[in-house]
Amino acid sequence: MIKQTEGIVIGLIAGFYDVKTVSGVVRTRARGVFRKNKLKPTVGDHVRIQLDEQGTNYLVEVLPRSNLIGRPAVANVDHVLLVISAVEPDFSLQLLDRFLTFFSWQNVAVSIYLSKTDIASNVQLEKMRQDLVYYEKIGYPIFDNWQKLANELPTMIANGQIWTLAGQSGAGKSTLINHLRQDLNQATQAISTSLNRGKHTTRTVQLFQLGQGFLADTPGFSAIDLTPIKINELCEYLVEFKKASVHCKFRGCQHLKEPQCAVKCLVENEKIKRSRYDDYLLMRAEIANGRLPEYLK
Ligand SMILES: Nc1nc2c(ncn2[C@@H]2O[C@H](COP(=O)(O)OP(=O)(O)OP(=O)(O)O)[C@@H](O)[C@H]2O)c(=O)[nH]1
Ligand SMILES: [Mg+2]
Ligand SMILES: [Zn+2]
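On a predicted model such as this, the values are computed, not experimentally measured, just so you know.

## Considerations on the overall build of the protein chain
When helices and strands are counted, the protein chain shows 8 helices and 13 strands. Against the 2.2 N^0.38 benchmark of 19 Å for 297 residues, the protein chain shows a C-alpha radius of gyration of 21 Å, consistent with a compact globule. Oriented by its inertia axes, the alpha-carbon framework of the protein chain measures out at about 70 × 45 × 35 Å. By the burial criterion, 34% of the 297 residues in the protein chain qualify as buried. Long-range pairs, those at least 24 residues apart, make up 65% of the contacts in the protein chain between residues at least 6 apart in sequence.

Okay, structure coming up:
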């Protein structure tokens with residue numbers, strides 16, 4: 001007898017897809033049809049699987065996706081938990097703005113976790129916390145303590161939701177997963193001290209159950225590419241710019257040299273953080289040049 005059931009792809013191991021169903025994890029092989037349609041099942045996909053009596057399990061259908069982001073990709077992402085390190089690698093507002101703009105473009109909500117506060121100096125921490133107050137004001141929840149995050153996260157992830165970690169290599173994504181799920185043992189590795197960069201320790205995407213949903217550890221969100229964003233739409237993805245732009249004199253104002261620009265006015269009055277505006281200009285240049293900035297290569 002052939003039985004069908006549905007589940008979520010939680011991992012990809014040597015050509016097999018591990019699918020979490022109500023009755024446990026089932027290892028499946030994709031039917032050839034996917035190769036023909038170029039539709040490749042991805043971690044996070046809701047799928048239909050077929051179980052036959054010889055014990056061969058096939059993944060037979062990928063159900064419609066709400067999104068597909070990252071390289072390697074995660075499907076159906078509801079929320080990003082962005083890990084930024086206070087030190088090692090050094091805290092960077094520029095990097096933070098690039099990530100937030102990218103996920104805003106992808107229409108995915110973001111919460112921010114500041115890691116490695118235990119090895120930063122008080123002076124460094126004070127400055128970072130002041131910076132992050134601004135981001136909290138424009139709508140991003142901020143955590144700087146993993147114990148608090150571990151308490152709250154399981155209830156923040158709604159039933160069946162898929163959250164994913166993001167942030168540069170070495171920021172502490174896998175370390176956080178290990179704190180959140182102490183039964184797991186994701187590999188972690190000290191960053192290179194000479195380069196002040198991580199070593200790309202996590203190589204595959206995996207979903208882990210947390211609360212009523214899932215959290216992904218993935219290498220696919222450590223460096224992001226802004227160049228596919230249309231340059232004239234970029235300003236819509238900086239949330240406070242978009243909000244202010246209704247008061248600009250010109251529709252479609254790019255907040256550059258236009259007269260009576262509400263965004264520039266708020267920057268002058270220090271209501272919009274100047275570094276956000278400077279980073280907006282850098283991201284514009286990056287898109288215009290069609291390549292990543294030097295410091296990310
Ligand atoms: N002191 C301190 N060290 C941390 C913290 N979080 C991570 N680390 C260390 O930072 C290094 C990198 O952490 P990982 O968790 O491997 O970083 P990752 O973001 O998963 O990196 P990739 O898998 O390469 O993308 C490891 O040596 C961790 O022990 C923290 O909050 N405090
Ligand atoms: Mg990792
Ligand atoms: Zn404007």
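There is more to say after this.
## Overview of the site of ligand 1
Taken together, 23 residues lie near ligand 1, and Gly172, Ser174, Thr175, Thr188 and Thr202 sit nearest. At 3 residues, the largest contribution of residues to the shell around ligand 1 is made by helix α5 (residues 173-180). Of the residues belonging to the shell around ligand 1, the class tally is 5 nonpolar, 14 polar and 4 charged.

## Section: the packing of helix α4 (residues 146-156) against α5
Where α4 meets α5, the axes come as close as 10 Å, and the angle between the chain directions of the two elements is 60°. It follows that α4 is oblique to α5 by the angle criterion. Crossing hand, α4 versus α5: right-handed. Across from Trp146, Ala150 and Leu153 in α4, the residues of α5 making contact are Leu176, His179 and Leu180. Each residue belonging to the contact of α4 with α5 can be placed in one class, and the counts come to 5 nonpolar, 1 polar and no charged.

## As for the domain arrangement of the protein chain
Taken domain by domain, the protein chain comprises domain 1 (3-62), domain 2 (68-217) and domain 3 (231-296). For domain 1 versus domain 3, the distance between C-alpha centres works out to 44 Å.

## Notes on the nonpolar core
One finds Leu82, Phe99 and Ala216 to be the most contacted residues of the largest nonpolar core, which totals 68 residues. In terms of residues, this core owes the most to one element, helix α2 (residues 93-105), which gives 6 residues. Non-local contacts of Leu82, meaning those with residues more than four positions away in its chain, are made with Phe99, Val110, Ile112, Ala166 and Gly167.

## Digging into α5
Among the residues making up α5, those that are buried are Lys173, Ser174, Leu176 and Ile177. Down the axis of α5, the buried side of the element spans an arc of 155°, and every buried residue falls inside it. Lining the buried residues of α5 we find β8 (79-85), β9 (109-115), α4, β11 (162-166), β12 (206-210) and β13 (213-217).

## Re the environment of Arg129
Considering the arrangement of structural elements, one finds Arg129 in helix α3 (residues 122-137). Spatially, the C-alpha atoms of Arg129 and Ala86 are 9.8 Å apart, while their sequence positions differ by 43 residues.

## Brief notes about the environment of Ser92
Tracing the backbone shows Ser92 in the loop between β8 and α2. Ser92 sits 41 residues away from Val133 along the chain, and the two C-alpha atoms are 15 Å apart.

## With respect to the environment of Leu234
Structurally, Leu234 can be placed in the loop between β13 and α6 (239-244). By the C-beta count within 10 Å, which is 21 here, Leu234 ends up buried. Between the C-alpha atom of Leu234 and that of Met283, which follows or precedes it by 49 residues, the distance is 8.2 Å. The residues contacting Leu234, other than those within four sequence positions of it, are Ile229, Met283, Arg284 and Ile287.

## Focus: the pairing of strand β1 (residues 3-13)
Direction of pairing for β1 relative to strand β4 (residues 46-51): antiparallel, over a ladder of 6 bridges. By the bridge assignment for β4, Gln4 is matched with Gln50. The hairpin formed by β1 and strand β2 (residues 16-21) contains 2 residues between the paired strands, and Ala14 there has a positive phi angle of roughly 45°.

## Side note on unusual backbone geometry
With omega at -5°, the peptide bond leading from Arg71 into Pro72 counts as cis. Structurally, the position occupied by Pro72 is in the loop between β6 (68-69) and β7 (74-75). Omega for the bond connecting Glu88 with Pro89 falls within 30 degrees of zero, at -5°, which places this linkage in the cis form. Relative to the helices and strands, Pro89 resides in the loop between β8 and α2. One non-glycine residue, His255, adopts positive backbone phi at about 60°.

Conventions we followed
Residues numbered from 1 in each chain as written. Chains lettered and ligands numbered in written order. Predicted model: local features only at pLDDT ≥ 70, side-chain atom pairs only at ≥ 80, totals over all residues. Helix = DSSP H or I, 4+ residues; strand = E, 2+ residues; numbered from the N terminus. Rg over C-alpha atoms; globule rule 2.2 N^0.38 Å. Buried ≥ 20, exposed ≤ 12 C-beta atoms within 10 Å, placed from the backbone. Contact = placed C-beta atoms within 7 Å. Near = placed C-beta within 6 Å. Nonpolar A, V, L, I, M, F, W, Y, C, P; charged D, E, K, R; others polar. Axes fitted to C-alpha atoms, helices over the stretch in contact; angles between N-to-C directions. Parallel < 35°, antiparallel > 145°, perpendicular 65-115°, else oblique. Left-handed = near helix turned anticlockwise from the far one by under 90°. Domains from an automatic or database assignment. Core = buried A, V, L, I, M, F, W, Y, C linked by C-beta atoms within 7 Å. Arc of directions from axis to C-beta. Pairing = 2+ DSSP bridges.

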